[in-house]
Number of protein chains: 2
Amino acid sequence: MAKDKQVEQITDMEVDFAQWYTDVVKKAELIDYSGVKGFYVVRPYGYALWENIQRAMDDKFKATGHENVSMPVLIPESLLQKEKDHVDGFAPEVAWVTYGGSEELTERLCIRPTSETLFCDHYSRIVRSWRDLPKLYNQWCSVLRWEKATRPFLRHREFLWQEGHTVHATEEEARAETLQMLDVYADIAENWLAMPVIKGQKTEKEKFAGAMDTYSIECMMHDTKALQAGTSHYFGDGFAKAFDITFTDKDNKIQHCHQTSWGASTRLIGGLIMTHGDNSGLVLPPKVAPIQVVIIPIAMHKEGVLERAALLLERLKQAGVRAKLDSSDQSPGWKFAEYEMKGVPLRLEMGPRDIEANQCILAPRAGGEKQTVSLDELETAVETALASIQQGLYDKAKAHLDAHIFPAQTAAEAASIIENKGGFVKAMWCGDVACEEKLKTDHAITSRNIPFEQERIEETCLVCGKPSDTMVIWGIAY
Amino acid sequence: MAKDKQVEQITDMEVDFAQWYTDVVKKAELIDYSGVKGFYVVRPYGYALWENIQRAMDDKFKATGHENVSMPVLIPESLLQKEKDHVDGFAPEVAWVTYGGSEELTERLCIRPTSETLFCDHYSRIVRSWRDLPKLYNQWCSVLRWEKATRPFLRHREFLWQEGHTVHATEEEARAETLQMLDVYADIAENWLAMPVIKGQKTEKEKFAGAMDTYSIECMMHDTKALQAGTSHYFGDGFAKAFDITFTDKDNKIQHCHQTSWGASTRLIGGLIMTHGDNSGLVLPPKVAPIQVVIIPIAMHKEGVLERAALLLERLKQAGVRAKLDSSDQSPGWKFAEYEMKGVPLRLEMGPRDIEANQCILAPRAGGEKQTVSLDELETAVETALASIQQGLYDKAKAHLDAHIFPAQTAAEAASIIENKGGFVKAMWCGDVACEEKLKTDHAITSRNIPFEQERIEETCLVCGKPSDTMVIWGIAY
């Protein structure tokens, strides 16, 4: 451990939420800044968190029939330009390779900002017959977008993500896939990351460049701002026509395919931090925490304490718990603060008197009470405590979300609510992009999505007053 | 399955080994060519193979205390230039990013050809005290080298790999780490990939740019050429001095750190193919095969056949076997050829008469005999068969290696052996790079490594005749 670490130096979130966030990210050793703006080092603790999220997602992708592949990191300029809306959306923010070794390239290559064009190019070569369909592919990689403003996990120029790309024989199948993967994201967010979501469809203005329909899960951070945590797109046959992806159907007719793509990134880690963290640092849900239980021996120099602690470590590992024993020469107080900062869900303390009484103390980082448990029931007690912490974090975040969604009938009311109470506004919208843009220009409020769970707040659009039967969730977004 | 697949179209390896290799890679659906030379799509079957190799390696890295991280994909030109030998080795073959969006960059950024400079930059910021050491980091990513000649898996411009980078308080620890990781590679190659290795040290000429010592594992392919399958480098404190990576030791003195790096890549898949493959296609060792057992029902339309096959699939999956049931409407003959091509280690056939006799047939792809087994003993029989196939592949490859290493006393003899018999030559070398270069210029023979297991073939260098007590393995390399 670095000697100069000072746990007390996290800015309070009530004082400066953005600074609190940066402090947590750095001091919990999730991220280091590199020499290039917007490019970060994801440090071991941050990467272990990502690996746990990855594993949960990858298992679900495979259980739903998806296969992983690896596509090139570079896209020729001519390939990027094949689908018009797509290139318009991404070309302004890509990094261009112009030299290979000492020779200038005859065609510029961009570092992938997303890989639709590469997958389409590949699909156009390998899909021939209805027998080849569907292809359900996913890729774990990093992508580059030359953003102006950057923040750890929330907006990198290079970020880690997964991108699913599928190709189907029919619109019906492709649409079902789009919604299935949105559900997978919602499941991961709610049941692994303890982040409640609002599922819905993006407006025309906010949809992905080249998509016919885009769906998202939207989460509310502790400061009541919105974080888009995952998106799933239905492409129709637009890319298939641009890239000539066709198949011979059972009646021997040539058809264009229908496609989807869907992605989620290390942004989820930013979401975790801002959903659960507090002024002592990170708070991690047990299901994805790199360390679920830290064992801190008390009066470690006394005979038998370390040996007993090591036995508990072994028992927990045997039970499938990600446990760590800190037997370093730092004081228990230092260790308490350190693992609080790192958001370890459960602390196990044990000293000579506990050993004598055949017990230990379990202290949850958040979402539960400290308790003394018999060592005979260690595994069950830890398992129960972790499950209860996981549920507690979700319940708290859900209550926070529910308490900060307000109905509004006019733009002025929406703006006033968001300015004074924060949170999301639910309000009716006529479907006109002009109204959406007016809200953005006048109040910096953007549509999050058109939630699947609709209500009828009012009869008319909050901006123009025209009749409307569509409810939209509005807010300020990361 | 693509209708136009024609298993019989693999070129015989005796006719044209290079063409045989390309055929296998494409027809077994491991690789697709992308629109940019040297950039490949790793298809689901190839990627699943890589995932299995990754998992085996990652488990061993973690068991030896290593942690995964993620470094940026781009390196500023000034950072790449900090260590002189290193930049001389890599600068000529990197890809340069010169534009971010529409703005020209003030400093060129290269896509990482390897990440020593990024790790060193990070270490210089996070290492302060002896308490911070060692740092044992690894990264799974892709790197770029602008090669002229490219071949699937063997030489990509972009390839997937892992790169370990560690920093230690003492030379002794760093040297022990270097050799430990070489042993990990040898273990993976021999016990997972069934590829026997020669462990040894690279000559000065062949060592990594910036390393003090480089060690390698060298394998022999079916055509008796050499494949360097993994390397591990000891850096001394050269990088630490160039990047100012220092720590305060227990006596409160400032010291430079000692470092290592080590890497292995998807090249291992090329090695697998060329070690075990035959004229029917791939042959995969069970431990890394994406499908270990394929179940092919015979007379599938007969009542009960498919249901019984599905039951066997479930039993094998329960037993932890990666099994697949092919119930498509293709003929059994087509399926036999298809899974032979794909190198599936074990085929399980079962038809109505087998069901009546409560048995099935197990047919190894290579390295064993077809046998009839009772369904009561299915799991044990499959497990035994897979273990035996794994061992059989290793034994065959080891016999091939042992039969193709020849002692030589002079350069002419070495050249004649390699030209006429193929294989490796073991011969004494004085240590002079001029002798090494002469062998390369005159005969295209290169030093593979100075094996740890030394013999005394002769008293003098095979080229110059000066006294020598170092035996080197020579050959023609991929």
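Up top is the structure.
About the cut-offs
- Residues numbered from 1 in each chain as written.
- Chains lettered and ligands numbered in written order.
- Predicted model: local features only at pLDDT ≥ 70, side-chain atom pairs only at ≥ 80, totals over all residues.
- Heavy atoms only, no water.
- Helix = DSSP H or I, 4+ residues; strand = E, 2+ residues; numbered from the N terminus.
- Rg over C-alpha atoms; globule rule 2.2 N^0.38 Å.
- Buried < 20%, exposed > 50% of the residue type's maximum accessible area, 1.4 Å probe, protein only.
- Contact = heavy atoms within 4.5 Å.
- Areas by Shrake-Rupley, 256 points an atom, 1.4 Å probe, with all protein chains shown as cover.
- Lys, Arg positive; Asp, Glu negative; His and termini not counted.
- Charge placed at Lys NZ, Arg CZ, Asp CG, Glu CD.
- Buried area = accessible area lost by both parts, 1.4 Å probe.
- Salt bridge = Lys/Arg side-chain N within 4 Å of Asp/Glu carboxyl O.
- Polar contact = N/O pair within 3.5 Å; in protein donor to acceptor, adjacent residues only side chain to side chain.
- Nonpolar A, V, L, I, M, F, W, Y, C, P; charged D, E, K, R; others polar.
- Pairing = 2+ DSSP bridges.
- Axes fitted to C-alpha atoms, helices over the stretch in contact; angles between N-to-C directions.
- Least-squares fit on C-alpha atoms with pLDDT ≥ 70 in both.
- Left-handed = near helix turned anticlockwise from the far one by under 90°.

**Q** So, the overall build of chain A: which residues are in play, and what are the values?
**A** Across its full length, chain A carries 14 helices and 23 strands. Over its C-alpha trace chain A gives a radius of gyration of 25 Å, about what one expects of a compact globule, namely 23 Å for 478 residues. Across its three principal axes, chain A shows a C-alpha extent of roughly 80 × 55 × 50 Å. Taken over 478 residues, chain A has a buried fraction of 60%. The long-range fraction of contacts in chain A, counting pairs at least 24 apart against all pairs at least 6 apart in sequence, stands at 68%. For chain A, the accessible surface area stands at approximately 18700 Å², while carbon and sulfur atoms represent 48% of it. Distance between charge centroids for chain A: 2 Å, based on 54 positive and 71 negative side chains.

**Q** Quick rundown of helix α8 (residues 267-276) of chain A? Include the residues and the values.
**A** Summarising burial for α8(A): ten of the ten residues are buried, a large majority. Among all positions of α8(A), only Arg267(A), Leu268(A), Ile269(A), Gly270(A), Gly271(A), Leu272(A), Ile273(A), Met274(A), Thr275(A) and His276(A) are buried.

**Q** I'd like to hear about the interface of chain B and chain A, residue by residue, with values.
**A** Across the boundary between the two partners, chain B contributes 55 residues, which contact 55 residues of chain A. Buried area between chain B and chain A, both sides added, is near 4700 Å², and the carbon and sulfur share of it is 55%. Ranking the residues of chain B by area buried against chain A places Pro44(B), Ser70(B) and Arg131(B) at the top, with a combined share of 13%. Our count for the contact surface shared by chain B and chain A stands at six salt bridges. A salt bridge links Asp329(B) to Arg131(A), with the shortest nitrogen-to-oxygen separation between them at 3.1 Å. Taken together, chain B and chain A are joined by 23 residue pairs in polar contact (both at pLDDT 80 or more). If one sorts the elements of the side of chain B that touches chain A by residue count, strand β5 (residues 95-100) of chain B sits on top with six residues. Among the residues making up the side of chain B that touches chain A, the classes are represented as 30 nonpolar, eleven polar and 14 charged. Examined bridge by bridge, strand β5 (residues 95-100) of chain A and β5(B) share five bridges and lie antiparallel to one another. Looking across to β5(B), one finds that Val97(A) is bridged to Val97(B).

**Q** Before we move on, can you summarise unusual backbone geometry with the specific residues and values?
**A** Most of the time, phi is negative for any residue but glycine, and the peptide bond is trans. Going from Leu133(A) to Pro134(A), the amide bond is cis rather than trans, its omega being -5 degrees. Relative to the helices and strands, Pro134(A) is located in the loop between α5 (116-126) and β7 (135-144). Phi angles above zero are rare outside glycine, and Ala299(B) is one such case at about 50 degrees. In this fold, Ala299(B) is placed in the loop between β15 (293-297) and α9 (305-318).

**Q** Tell me about the sheet that holds strand β17 (residues 346-350) of chain B, and please be specific about residues and values.
**A** The pairing of strands in a sheet happens through backbone hydrogen bonds and is either parallel or antiparallel. Residues and elements named next belong to chain B. Across the sheet, which stays open at both edges, the five strands sit in the order β16-β15-β17-β18-β19 with mixed pairing between neighbours. For this open sheet the edge positions go to β16 (323-325) and β19 (371-374), each flanked by a neighbour on one side alone. Going from strand to strand, the sheet's axes swing by 25 degrees on average, the running direction of each strand aside. In this sheet, β16 lies alongside β15 in parallel orientation, the contact comprising three bridges. Residue pairing across strands places Val294 opposite Lys324, the latter belonging to β16. Against the sheet, helix α12 (residues 378-402) contacts β15, β17, β18 (359-364) and β19, and its axis sits at roughly 150 degrees relative to β17.

**Q** Would you mind going over the relation of the copies chain B and chain A in detail, with residue names and values included?
**A** Superposition of the two copies of the chain requires a rotation about an axis and a shift along the axis. Superposing chain B onto chain A takes a rotation of 180 degrees combined with a translation of 0.0 Å along the rotation axis, leaving an RMSD of 0.0 Å. Taken together, the turn and the small shift mark the pair as related by a two-fold rotation axis. Minimal C-alpha distance to the rotation axis in chain B is attained by Val97(B), lying at 2.1 Å. Residue by residue, 100% of the interface of chain B is reproduced at the interface of chain A, so both copies engage with the same surface.

**Q** How would you sum up the packing of helix α1 (residues 17-27) of chain A against α8(A)? Please name residues and give values.
**A** Residue and element names in this part refer to chain A. With their axes 11 Å apart at the nearest point, α1 and α8 run at an angle of 115 degrees to one another. The handedness of the crossing between α1 and α8 comes out as right-handed. Side by side, α1 and α8 meet where Phe17, Trp20, Tyr21, Val24 and Val25 of the first sit next to Gly270, Ile273 and Met274 of the second.

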